[in-house]
Structures are given as structure tokens and as C-alpha cells.
Amino acid sequence: MSIRIIPQDPLENGSKNTAESIPPLLFPRLENLYHRRAERLTKLAENNPLGDYLRFAALIANAQEIARYDHPLFLDMQPRLVESARQGKPPLDSATYPRDAHWQHILHSMIAELKPDMRGQALSVLENLEKASASELEAMADALFAGEFSQVSSDIAPFIWAALSVYWTQMAALIPGKARAESGEQRQFCPVCNSVPVAGMVHMEVGRQGLRYLHCNLCESEWYVVRAKCSNCERSGNLHHWSLDSENAAIKGESCGDCGTWVKLFYQEKDPAAEPVADDLASLILDARLEQEGFARSTLNPFLFPGE
């Protein structure tokens, strides 16, 4: 299968797509988030070379849903919002937010849910995590947030991140209407938690077809980034779109010749069932082709941490 360059996407247009009418930030909706992801992963596993891993990821997503339900978070975010505004930082900045033991409760709930379905190496990983001390778990979380992925085994990282993500998503869901993404620099980072996106979603909405939002790989928020610019460096003069199918494909890669990176885009108009984490994981052949073209991925899937 070959990859080919295709015409650049048309820019957002229409009188309704003005700066004033475009929501700059979409907070996560907890209800059905992980269940929908698990269902999508299971569906995409059919006839996929990575089917076994997609089904493994579906088990984790189901465990996230159960842990979220069993460990609801009740928190007044207003003091944090005031302090983050004073500091000029995202409200849930993963590098500075004073996380508590809630995320570890989520992790242990997930472990208990997953163990009956795990065998071999995966079961050993869960048993070792179950025995890890609180300080050891915090050290692994610190390393992942600092981007020091070599400090955490790649077979452990998805479980740690999955628990952290449920915690951060619960917090993000508590602050709709109280935080917004402002125009400016560093749009490649989530304005809620300062993590990186997993992919871009080109939404299908009445009167708003064609708006691109980046989907956070930690807190599941989405933020608007105009399609005329690279989502990584914000330059606009050297963008190209790639597809394994055609220019009407539901999945494309957008590359930037200025910074040498690329991001995957999913078009809900072409596939309304598209889910960023699941569909990204199921389309890794596009990653391989763009790497062959010399581009580096600017995003990170929570089930695909770099190896040691």
C-alpha cells in the first residue's frame, strides 16, 4: 500500500464560522466516553493486523469507565481556576497540579477489574503495579508528565496514564464555562492541562462543518486550531495532506515542511463514528508511511508510549 500527497483541505468558510461563533474549547463529556471508545476499539479490531492490541486497549477503556463510575470526583475547581489565572498557566497543568491519591485509587480499581482478563506478561505487569508503593507510582507519573518515557516501561505506561487520564478528565469535566482557550502561541499544547494531543478531529456540526479541534491525550478536552496553520509550529506556508486512500478519505495526515512534523486528522463528515484514540491506534500504517517520508509525529496516543 502506498501513500500519496493530496490537495490541501479547504479552509473553514461560511458566515457562521466567525471568531465569535467558534467555541475555542470543548470540555470532555464523561458519560459514555470510555464505553464508546471501547466499543469502537472492538469494532476496529475486526480484520485489523493489530486486532489483539486493539481488543487489549478496549479492555483498558472498559476498566476506565468502571473506575470512573466507582470513584466519582467531587471537587470545587474555583480556587484552582483563580490561582492558575493569576499565574498565567493552564488550570490543570500536568507539570504543576498538586495531584492527590484519587488517581491511585482509580489505578487500583482498574487493576482489579483487568486482572481476570489478563494472561502472561500483561498479568505480571498488573501484579507488579498492584505491589508498587504510592511513592513509586508517583515517580512513574512524574516521569511520564516530564516526557521521560525511558524511565517507565512501555508495558506499564498505558496503565499509569489511563488512571491519570480518568482523574484529569474528571477534573476537566467539572469546569465547563469557567476556562477558555485564548488565541496565541503554543497551541500545540492543551490549554486545560498542557499535555499534547492524540490527533485532530474535523467536526461535523450544523453550520460548522470543517472546524478542526485537537483532542487532548490526557484530559480529553478539545481545542480549536484553524486549519490554515500547522498545529505544531503555527506556520502556514508548507502544509501538505496525505492519504492511503483518496482526497475524500476519512483519515489524513497533515505534514508541515517547516517543522518536520505531522498530525493525524479524522473527518467526522466522512465517518461519524470516528473516535480519536481508537481510530488513531487502528491506523498506524499511516504513521509508518509518513515516517518513511521523513516526518516526525507531533502527537502521542495513550496506548503507544515510546519504548525504553
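As a reminder, the structure under discussion sits directly above these lines.
Heads up: these notes are all about the structure in this document. Because the structure is a prediction, the values reported are computed rather than measured.

Turning next to the packing of helix H4 (residues 102-114) against helix H6 (residues 134-145). Where H4 contacts H6, the two axes come as close as 11 Å, and the packing angle between them is 100 degrees. By the angle class used here, H4 and H6 are roughly perpendicular. Contacts between H4 and H6 involve Trp103, Gln104, Leu107 and His108 on the former and, on the latter, Ala134, Leu137, Glu138 and Ala141.

What follows concerns H6. Along its twelve residues, H6 runs 17 Å from first to last C-alpha, staying within 8% of the 16 Å computed at 1.5 Å per residue. In this structure, the buried side of H6 is in contact with H4, helix H5 (120-131) and helix H7 (157-173). One or two residues past the end of H6 sits Gly147, with phi positive at roughly 75 degrees.

Applying the stated criterion across every chain, the model contains two cavities of 30 Å³ or more. Around the largest cavity, the lining residues are Arg37, Gln64, Pro158, Trp161, Ala162, Ser165, Asn217, Glu220, Val277, Pro302 and Phe303. Residue contributions to the lining of the largest cavity peak at four residues, all from H7. Counted by class, the lining of the largest cavity contains six nonpolar, three polar and two charged residues. Space inside the second largest cavity adds up to approximately 40 Å³. Cys230, Ser231, Asn232, Leu239, Glu254, Ser255, Cys256, Thr261, Trp262, Val263 and Ser298 together form the lining of the second largest cavity. Secondary structure elements with two or more residues in the lining of the second largest cavity: strand S7 (251-256) and strand S8 (261-267). Looking at the lining of the second largest cavity residue by residue, the classes come out as five nonpolar, five polar and one charged.

As a further point, take the layout of surface pockets. Looking at the largest pocket, its volume works out to about 580 Å³. Sort the elements by how many residues they give to the lining of the largest pocket and helix H1 (residues 33-44) lands first, with three residues. Tallied by class, residues from the lining of the largest pocket come to eight nonpolar, four polar and eight charged.

In this model, H4 (13 residues) spans 19 Å end to end at C-alpha, consistent with the 18 Å of a helix rising 1.5 Å per residue. Along H4, the positions that sit buried rather than exposed are His102, Trp103, Gln104, Ile106, Leu107, Ser109, Met110, Ile111 and Leu114. Against helix H2 (51-70), H5, H6 and H7 lie the buried residues of H4.

Here the focus is the packing of aromatic side chains. The final tally for this structure, using the stated rule, is ten aromatic pairs. Taken together, a centroid distance of 5.5 Å and an interplanar angle of 75 degrees make the contact between Phe145 and Trp161 edge-to-face. Within this pair, whereas Phe145 is found in helix H6, its partner Trp161 is found in helix H7, the two being separated by 16 residues in sequence. Of the two residues, Phe145 and Trp161, both sit in the buried class. What links up through ring pairs into an aromatic cluster is the set Tyr97, Phe145, Phe149, Trp161, Tyr167, Trp168 and Phe305. Positioned above the aromatic ring of Tyr267, the side-chain terminus of Lys252 is 4.7 Å from the ring centre.

Thresholds applied
Here, residues in each chain are numbered from 1, in the same order as that chain's written sequence. Only residues with pLDDT of 70 or above have their local features reported here, since the model is predicted, and side-chain atom pairs are shown and tallied only from 80 upward, although totals for entire chains, interfaces and linings are computed over all residues. Where side-chain values are given, they derive from all heavy atoms of the structure, hydrogens and water being excluded. Orientation is described by axes fitted as lines to C-alpha atoms, over the contacting stretch for helices, and by angles from 0 to 180 degrees between their N-to-C directions. Here a helix means four or more residues in a row that DSSP labels H or I, a strand means two or more in a row labelled E, and each is numbered from the N terminus. An angle counts as roughly parallel when it lies under 35 degrees, as roughly antiparallel when it exceeds 145, as roughly perpendicular when it falls between 65 and 115, and as oblique in every other case. In this description, contact between two residues means that some pair of their heavy atoms is separated by no more than 4.5 Å. To estimate the expected span of a helix, count its residues, drop one, and scale the result by 1.5 Å. In the cavity and pocket records, a cavity denotes points on a 1 Å grid over the protein atoms alone where a 1.4 Å probe fits but cannot get out, a pocket denotes an open set with protein on both sides within 12 Å along at least 5 of 7 lines, and lining residues are residues with an atom within 4 Å of a point. Grid points are joined across faces, edges and corners, and a volume is the space filled by probe spheres set on the points. Side-chain classes are defined by residue name, with Ala, Val, Leu, Ile, Met, Phe, Trp, Tyr, Cys and Pro counting as nonpolar, Asp, Glu, Lys and Arg as charged, and the others, Gly among them, as polar. Three labels apply to residues, based on accessible area from a 1.4 Å probe with only protein chains included: buried if under 20% of the type maximum, exposed if over 50%, partly exposed otherwise in between. Planes of paired rings set the category: under 30 degrees apart is stacked, over 60 is edge-to-face and the rest tilted, where pairs are Phe, Tyr or Trp rings (Trp by its six-membered ring) whose centres lie within 6.5 Å. Consider the ring centre and the ring normal. A charge sits over the ring if Lys NZ or Arg CZ is within 6 Å of that centre and within 35 degrees of that normal.

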